[in-house]
Amino acid sequence: MPNDSSSITSIISRFKTDKPVRKTSYQVKGVLMKEFPDESLIPFINGKYRNEFLYPRIQVKILNEEIYLVGIKEGVEPIELIMENIELLNFGNITFKIENIESEKIELDIGCTDKAIHYNFLSPWIALNRVNLKRYKGFSEKKSKDRTDFLRRLLSQNIAFIGKEFGLSLESRIFVDLSLESLEPKFLDDGKAGSFSGSFNSNFVLPNYIGVGNGITKGFGVLLSNANESSLIENSEKNIEPIQDLPKDWE
């Protein structure tokens, strides 16, 4: 099997605050844009680079009531720089003091491998948008295989999109084996999008804590894999399967 891979640098920064953060990713980005308008991070989160980088190079997450900044390639250095200057986040009705920042920079070979990598969704994966939601609704509840196959194809496309964004040729097929809590989507955005929770296996290595699917800039589709060790992974997040060989019937 060809091995389409490329080495990239990513950074994960977790902000320890004096109180739990019960805000959205959008609200955090809004405060960063207001309080730090001259930081090099800002164009990556205010939409300025949207056409240049279709896949966001800096992503803001709220996980376990903590703020995470995740940077890939061009997004690494801006996160390193802002960590030197950030002490408070003032939301108007509440201010968070940054007590500590735990950061980890990783060199990782992303792309296809001959192993089955296990991923957990730490936040719901928005698989269904306005275009494909109607088609998914057309599958009857009795045809669970049709639903599963459809979602597998969508997730493979989500992963392929990321790979192509980082210059991979993707000569190999992307294997996906889903294990979702339910095939009934949780509807978002006034019923115009559908999300799922659970896990999956794939032969594609991606960095921890990045997002896949729709709503990445809102903090959806966050991944945690067993492909690389991370000192930032909490004990509650370590319940992931060991790396395994691909199924024998996979070609």
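The preceding data block contains the structure.
These figures come from a predicted structure and were not determined experimentally. (Residues numbered from 1 in each chain as written. Predicted model: local features only at pLDDT ≥ 70, side-chain atom pairs only at ≥ 80, totals over all residues. Heavy atoms only, no water.)

Colleague: Explain the overall build of the chain to me, please; I cannot follow it from the model alone.
Modeller: Looking only at helices and strands, one finds 5 helices and 12 strands in the chain. Buried positions account for 51% of the 251 residues belonging to the chain. Here the chain displays about 12,800 Å² of accessible surface, and carbon together with sulfur accounts for 44% of that area. (Helix = DSSP H or I, 4+ residues; strand = E, 2+ residues; numbered from the N terminus. Buried < 20%, exposed > 50% of the residue type's maximum accessible area, 1.4 Å probe, protein only. Areas by Shrake-Rupley, 256 points an atom, 1.4 Å probe, with all protein chains shown as cover.)

Colleague: Got a minute to help me understand the pattern of salt bridges in this structure?
Modeller: Where charged atoms of side chains with opposite charge meet at close range, the side chains can pair. Taken as a whole and assessed by the stated rule, the structure comprises 11 salt bridges. The closest approach of N and O atoms between Glu65 and Arg22, which form a salt bridge, is 2.9 Å. Here Glu65, found in the loop between strand 2 (58–63) and strand 3 (66–72), pairs with Arg22, found in the loop between strand 1 (5–17) and helix 1 (25–35); they are 43 residues apart in sequence, far enough to count as distant. (Salt bridge = Lys/Arg side-chain N within 4 Å of Asp/Glu carboxyl O.)

Colleague: Please explain the pairing of strand 2 as it appears in this structure.
Modeller: Regular strands place their side chains on alternate faces of the sheet. Among the 6 residues of strand 2, 5 are classified as buried, and the element is accordingly described as predominantly covered. When strand 2 meets strand 3, the two strands line up antiparallel, connected through 6 bridges. Across the sheet, residue Val60 finds its bridge partner in strand 3, namely Leu69. Between strand 2 and the antiparallel strand that follows it, strand 3, lie 2 residues; Asn64 among them carries a positive phi value of about 55 degrees. (Pairing = 2+ DSSP bridges.)

Colleague: Is there a simple way to explain the packing of aromatic side chains in this structure?
Modeller: The geometry of an aromatic ring pair comes down to the distance between the two centres and the angle between the two planes. Per the counting criterion, the structure on display carries 15 aromatic pairs. Centre to centre, the rings of Phe44 and Phe53 are 6.0 Å apart; their planes meet at 10 degrees, and the pair counts as stacked. The pair formed by Phe44 and Phe53 is uniform in burial state, with each residue classed as buried. Aromatic side chains Tyr119 and Phe200 sit 4.9 Å apart centroid to centroid with 15 degrees between the ring planes, which places their arrangement in the stacked category. Separated by 81 residues along the polypeptide, Tyr119 in strand 5 (residues 95–121) and Phe200 in strand 10 (residues 198–205) bring together distant segments of the chain. On the basis of relative accessible area, Tyr119 is assigned to the buried category, the value being 1%. One aromatic cluster is present, formed by Tyr119, Phe121, Trp125, Tyr136, Phe139, Phe150, Phe196 and Phe200 through successive ring pairs. (Phe/Tyr/Trp six-rings, centres within 6.5 Å; stacked < 30°, edge-to-face > 60°.)

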